[in-house]
Every structure is written in structure tokens, then in C-alpha cells.
Amino acid sequence: MTSGTLIAPPGRPFPPVIPQSRPPYTCPQCAHVLRVSGLGRHRVYFELDDKRADHPVMSRICPQCGHGLPGKNPP
């Protein structure tokens, strides 16, 4: 059995060290700011102080004012 080393082809850019995060979501009604993860109907919203992402906003409404959050169904 032989062994070998895999090397990336030249000219191929390396991925960024820190992935770009999405900009936070600001409620248009009350200006409450939430962190966003995912895209489209798979978006999940978190409070900014929830660093470990343990407690997502499950109600699909702004925790501050009750305005609908974007996602599967338009607010």
C-alpha cells in the first residue's frame, strides 16, 4: 500500500478563517435587534446576548413588540 499527500491546486483561494456572519435583523416597527442564522424559511432568530445560541426566538414574532419576523410566511 502506498501513501500520498493531498495538495490543493495552485491558484485556488483559501476559505476565510472566520466565516462572514449575516447582518443582524432590525424590527421595522420597534427597532429591536436580533441575530440571524440561516436563510429563507430556515432562518432562526436569536437575541444578541444569546452567545451560545441556546434560546432561539420560536414564536416567529418580535419579542419586543409582536411584529412578525420574516421567514416562510411574509410578516
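Remember, it's a predicted structure, so these values are computed and weren't measured experimentally.

1. Quick notes on the side chain of H32
Then, in step 1: Relative to the helices and strands, H32 resides in the loop between β1 (25-26) and β2 (33-37).
Then, in step 2: With a relative accessible area of 18%, H32 lands in the buried category.
Then, in step 3: Looking at H32, its side chain comes within polar contact range of the side chain of Q64, at 3.5 Å.
Then, in step 4: Not counting the four nearest positions on each side in its chain, H32 is found in contact with Y25, T26, C27, E47, C62, P63 and Q64.

2. A closer look at the packing of aromatic side chains
Then, in step 1: If you walk through the whole model with that rule in mind, you get 1 aromatic pair.
Then, in step 2: Pairing Y25 with Y45 gives two aromatic rings, centres 5.6 Å apart and planes at 65°, and the pair type is edge-to-face. Taken together, the residues Y25 in strand β1 and Y45 in strand β3 (residues 44-47) connect sequence positions 20 residues apart. Y45 shares its class with Y25; the two are buried.

3. A word on the pattern of salt bridges
Then, in step 1: Applying the stated criterion across every chain, the model contains 1 salt bridge.
Then, in step 2: For R52, the salt bridge goes to D54, with nearest N and O atoms at 3.6 Å.
Then, in step 3: For D54, a relative accessible area of 43% corresponds to the partly exposed category.

Analysis parameters
Residues numbered from 1 in each chain as written. Predicted model: local features only at pLDDT ≥ 70, side-chain atom pairs only at ≥ 80, totals over all residues. Heavy atoms only, no water. Helix = DSSP H or I, 4+ residues; strand = E, 2+ residues; numbered from the N terminus. Buried < 20%, exposed > 50% of the residue type's maximum accessible area, 1.4 Å probe, protein only. Polar contact = N/O pair within 3.5 Å; in protein donor to acceptor, adjacent residues only side chain to side chain. Contact = heavy atoms within 4.5 Å. Phe/Tyr/Trp six-rings, centres within 6.5 Å; stacked < 30°, edge-to-face > 60°. Salt bridge = Lys/Arg side-chain N within 4 Å of Asp/Glu carboxyl O.

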